[in-house]
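# Coordinate analysis (summary)
Next come the chains, spelled out residue by residue.
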Amino acid sequence: LDKVRRQVTWKMTALHPSRSITVAIEGNIGSGKTTFLDHFSKTKGIEVIQEPVDMWRNVRGHNTLALMYSDPKRWSFAFQSYVQLTMLDIHTRKQKSLIRMMERSIYSAKYCFVENMHESGNMTDAEYVVLTEWFDWILANQKVQIDLIVYLKTSPEVCHQRIKQRCREEEKAIPLDYLQALHSAHEDWLTHKKFPTPAPVLVLNGDHNLSDMYSVFEKNRHKILLGQN
Ligand code: DCP
């Protein structure tokens, strides 16, 4: 009984890194980021910050996420401007625990989504450079530190299946080829280093079923909580 108690206590209490660290969880839409964060939110000493999707859905009454999906050419710029602001807000919030875990970052917004929207013609050159100027200014003047990126590498087909199952209203019409393009964008950034990675990257296979995903998380718990890849 003592052994079990010790194991449970160990699982519920974070290991202590020598300084406070921030872990960003990255991966495609539907890759399992929320499952990862929900799992680690049960550990004492970890603060979890979910992505502010609800804020994007209600900017003083405007659902910018829905607008972006309904007419990407018209709304991608406005939507990503607001995403960039909300991510900056999260990055610069005072950390309350030794370990912070956050869903995505200002980096994936720029290097995956904005790049993809520009390349696919949904954002004009002028819109793209304005967002890029803002992004560069933020990196030069604000503290947007990350110590580890956990990359949930999930195949676009699995993401597509999960998105269909969860039925988020705005995402009903997401086609597989959009997920394939976003998958390539994540790969280009986090595997092929097309853009700078602000921290070491730990890659986890996200294709498993739920119970196997928990085993993958537990197997990597030490590394993650110490901010190592
Ligand atoms: N989104 C976007 N541009 C960004 C960030 C997100 O267009 N810079 C969109 C894509 C999704 C929604 O916002 O429609 C939420 O996307 P995420 O992949 O960040 O979050 P999920 O909830 O899909 O993650 P998971 O299923 O992995 O938990």
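Residue positions are given per chain, counted from 1 along the sequence in the order it is written. Local features in a predicted model are, by the rule used here, given only for residues with pLDDT of at least 70; side-chain atom pairs are given and counted only at 80 or more, and totals for whole chains, interfaces and linings are based on all residues. Excluded from the side-chain calculations are hydrogens and water; all other atoms, namely the structure's heavy atoms, are used.

Looking now at the overall build of the protein chain. Regarding its fold elements, the protein chain presents 11 helices and 5 strands. Note on exposure labels: buried denotes an accessible area under 20% of the residue type's maximum, exposed denotes more than 50%, and partly exposed covers the range between, all computed with a 1.4 Å probe on protein chains only. Residues classed as buried in the protein chain amount to 48% of the 229 residues present. Excluding contacts between residues fewer than 6 apart, the proportion of contacts in the protein chain whose partners are at least 24 apart in sequence is 77%. The protein chains shown are the only cover counted for residues, whose accessible areas, like all others here, come from Shrake-Rupley with a 1.4 Å probe. For the protein chain, the exposed surface amounts to about 11800 Å²; the carbon and sulfur share of it is 55%. Charge-centre separation for the protein chain: the mean point of 30 positive side chains lies 9 Å from the mean point of 26 negative side chains. The secondary structure listing takes helices from DSSP runs of H or I that are at least 4 residues long and strands from runs of E that are at least 2 residues long, numbered from the N terminus. Contacts between residues were defined by any pair of non-hydrogen atoms, one from each residue, lying within 4.5 Å. We count Lys and Arg on the positive side and Asp and Glu on the negative side, and we leave His and both chain ends out. Every charge is mapped onto a representative atom, which is NZ of Lys, CZ of Arg, CG of Asp or CD of Glu.

Quick look at the site of the ligand now. Note on definitions. A residue lies near a molecule or strand when any single heavy atom of the residue is within 4 Å of it. In the vicinity of the ligand there are 22 residues, among which Thr 34, Glu 51, Tyr 69, Arg 104 and Glu 171 approach most closely. Measuring from an oxygen atom of the ligand, one finds a backbone N or O atom of Ser 31 at 3.2 Å. We define a polar contact as two N or O atoms separated by no more than 3.5 Å, with the added condition that, inside protein, one atom must be a possible hydrogen donor and the other a possible acceptor, whereas residues neighbouring each other in sequence contribute only through side-chain atom pairs. Side-chain polar atom of Glu 51 to an oxygen atom of the ligand: 2.5 Å apart, as the coordinates give it. For the ligand, whose accessible area on its own is 590 Å², the fraction buried by protein is 97%. The classification used treats Ala, Val, Leu, Ile, Met, Phe, Trp, Tyr, Cys and Pro as nonpolar, Asp, Glu, Lys and Arg as charged, and all other residues, Gly among them, as polar. Taken together, the residues that form the shell around the ligand break down as 9 nonpolar, 6 polar and 7 charged.

Here the focus is the packing of aromatic side chains. Between the rings of Phe, Tyr and Trp (Trp by its six-membered ring), a pair exists once the centres lie within 6.5 Å; its type follows the angle of the planes, with under 30 degrees stacked, over 60 edge-to-face, and the other angles tilted. A complete count under the given rule lists 10 aromatic pairs for this structure. Relative to Phe 135, the ring of Tyr 111 has its centre 5.5 Å away and its plane inclined at 75°; by these criteria the two rings are edge-to-face. Here Phe 135 lies in helix H7 (residues 125-141) and Tyr 111 lies in helix H6 (residues 106-119), a separation of 24 residues in the sequence. You can call Phe 135 buried: its relative accessible area is 3%.

In this structure, Ile 29, Ile 106, Tyr 107, Ile 149, Tyr 178 and Trp 189 are the most contacted members of the largest nonpolar core, which totals 43 residues. Residue contributions to this core peak at 8 residues, all from H6. Residues grouped as a nonpolar core are buried Ala, Val, Leu, Ile, Met, Phe, Trp, Tyr and Cys residues, joined through side-chain atoms within 4.5 Å. With 19 residues, the next largest nonpolar core counts Ile 25, Leu 148, Met 213 and Val 216 among its residues.

On their own, these measurements won't tell you what the molecule is for.
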